Amino acid sequence: MKKLLFPLFLASLSLTATAQDGNLEAVPTERHSVSTNPFFSNWFLQAGAGANVNYDNHVAFSVAIGKWFTPGIGLRTRFTFSHNNAITEHVLFNLTNMFMGYRANRVWNLIPYVGAGWRRHEAEDRMAFGYTVGLWNRLRISRKLAVNLDASYGSYQLSSKQRALNLELGLTYSIGKGTWKNTPDQEAINALSQSEIDALNAQLSDAYAENDELRQQLEQQQQQLEQQQQQLEQQQQENQHQIPPATDNNMTLPVTPE
C-alpha cells in the first residue's frame with residue numbers, strides 16, 4: 001500500500017507546485033488573444049518635435065493623447081504647432097502585435113496609421129481639411145516610457161492642393177495600466193493536463209507491477225519459512241525416536257564397605 005501511495009503523493013506535490021507557481025510563462029497562453037481591459041486602461045500621452053516640410057522647412061512641435069482598444073487597434077488625437085497649426089485624428093494599427101502576437105516587453109513595434117483633420121493655412125488665413133498617412137516606430141525603454149520616430153504625409157485642399165511631410169522624434173508615456181493579459185490557451189492546458197494524467201497512470205502501473213513482484217516474493221518467503229518449519233519439526237521427531245528411555249535395570253547403586 002505504501003508503494004502505491006508514494007507516487008500519488010509525488011504527483012499531488014507536482015500538481016500543487018504548478019498551481020502555485022506565480023510565473024505567467026508557466027501557463028500556456030494564446031499569442032493573438034488577450035483579456036479585455038477597463039476603459040481607463042491603455043491610454044498614453046505623447047510629446048515630440050521635428051520638421052514640417054511644406055515648400056519651406058518649419059520646426060514643428062506636437063502633443064497627443066491616445067488609447068489602445070486592443071493590442072492592434074487604437075486612436076490618437078494629435079495637436080501640431082508650427083507655421084501652420086493642425087489637429088488630426090489617427091486610427092492606429094500595430095502590425096507587430098497583429099502578425100507576431102502580443103508581448104508586453106517587445107522592444108520595437110511598427111505602427112502605421114491613417115487619419116484626417118484640420119490644418120490652418122497662414123497665407124490664406126483659413127482652415128483646410130485634409131488626410132494624412134504615417135508610420136510610427138515605437139522603441140520601448142521601460143514599462144511606462146517609449147521613444148517615437150514618426151514620419152507622416154498629409155494632403156490638404158486650399159485654393160490649390162497643399163502637401164506636407166512631417167518627421168518627428170518624441171516620447172510616449174503610458175497612463176495607468178498599459179499592458180494586456182494574454183488569454184490562457186485552453187487546448188494547450190488540456191493537453192498539458194492529459195500528459196500529466198498519462199504520466200500519473202504510468203506511475204500507478206509501475207507501482208502495481210512493483211506490488212505484484214513484492215507480493216510474489218513475500219509468498220515465496222512464506223513458503224520457504226513453512227518448509228523450514230516442517231523440516232525442523234521432522235528433525236525434532238527423529239531425535240526423540242533415537243534417544244532410548246531410561247529404566248530401573250540400568251540403574252546401579254554404589255556398595256558401601258562395612
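Conventions and cut-offs
- Residues numbered from 1 in each chain as written.
- Predicted model: local features only at pLDDT ≥ 70, side-chain atom pairs only at ≥ 80, totals over all residues.
- Heavy atoms only, no water.
- Helix = DSSP H or I, 4+ residues; strand = E, 2+ residues; numbered from the N terminus.
- Contact = heavy atoms within 4.5 Å.
- Areas by Shrake-Rupley, 256 points an atom, 1.4 Å probe, with all protein chains shown as cover.
- Buried < 20%, exposed > 50% of the residue type's maximum accessible area, 1.4 Å probe, protein only.
- Salt bridge = Lys/Arg side-chain N within 4 Å of Asp/Glu carboxyl O.
- Phe/Tyr/Trp six-rings, centres within 6.5 Å; stacked < 30°, edge-to-face > 60°.
- Lys NZ or Arg CZ within 6 Å of the ring centre and 35° of its normal.

Helices and strands together make up the secondary structure of the chain, namely three helices and ten strands. Sequence-ordered secondary structure for the chain, helices as α and strands as β, is α-β-β-β-β-β-α-β-β-β-β-β-α. Put simply, of all contacts in the chain between residues at least 6 apart along the chain, 55% involve residues at least 24 apart. Within the structure as shown, the chain displays about 17,900 Å² of accessible surface, and the carbon and sulfur contribution to it stands at 59%.

A few words now on the side chain of Thr88. With respect to the secondary-structure elements, Thr88 resides in strand 5 (residues 86-93). Taking the relative accessible area as the measure of exposure, Thr88 reaches 7% and is therefore buried.

With that out of the way, let us pick up the pattern of salt bridges. Evaluation of the coordinates by the stated rule reveals four salt bridges. If you follow the salt bridges from partner to partner, you end up with Arg76, Arg78, Asp150 and Glu168 in one network.

Looking now at unusual backbone geometry. For Asn42, which is not a glycine, the phi torsion comes out positive at approximately 65°. Along the polypeptide, Asn42 turns up in the loop between strand 1 (29-34) and strand 2 (43-54). When its relative accessible area of 3% is taken as the criterion, Asn42 is described as buried.

Attention now goes to the environment of Ile175. The topology assignment puts Ile175 in strand 9 (residues 161-175). Relative accessible area serves as the criterion here: at 31%, Ile175 is assigned to the partly exposed category. In sequence terms Ile175 and Phe44 are 131 residues apart; their C-alpha atoms lie 5.3 Å from each other. Leave out the neighbours within four places in its chain, and Ile175 touches Asn42, Trp43, Phe44, Leu45 and Lys144.

Here the focus is the packing of aromatic side chains. Enumeration over the complete set of coordinates arrives at seven aromatic pairs. Between Phe44 and Trp68, the ring centres sit 6.3 Å apart and the planes meet at 35°, which makes this aromatic pair tilted. With a gap of 24 residues between them, Phe44 in strand 2 and Trp68 in strand 3 (residues 56-68) connect regions that are remote in the sequence. By relative accessible area, which is 3% here, Phe44 ends up buried. Between Phe44 and Trp136 the ring centres are 5.8 Å apart and the planes differ by 45°, which places this aromatic pair in the tilted class. Of this pair, Phe44 sits in strand 2 while Trp136 sits in strand 7 (residues 126-140), placing them 92 residues apart in sequence. Per residue, the accessibility class of Phe44 equals that of Trp136, and both read buried. Taken together, the ring pairs connect Phe39, Phe40 and Trp43 into an aromatic cluster. Here Lys67 stacks its cationic end above the ring of Phe39, 5.4 Å away from the centre of that ring. In this arrangement the basic side chain of Arg76 is found over the ring face of Tyr113, its NZ or CZ atom lying 4.6 Å from the centre.

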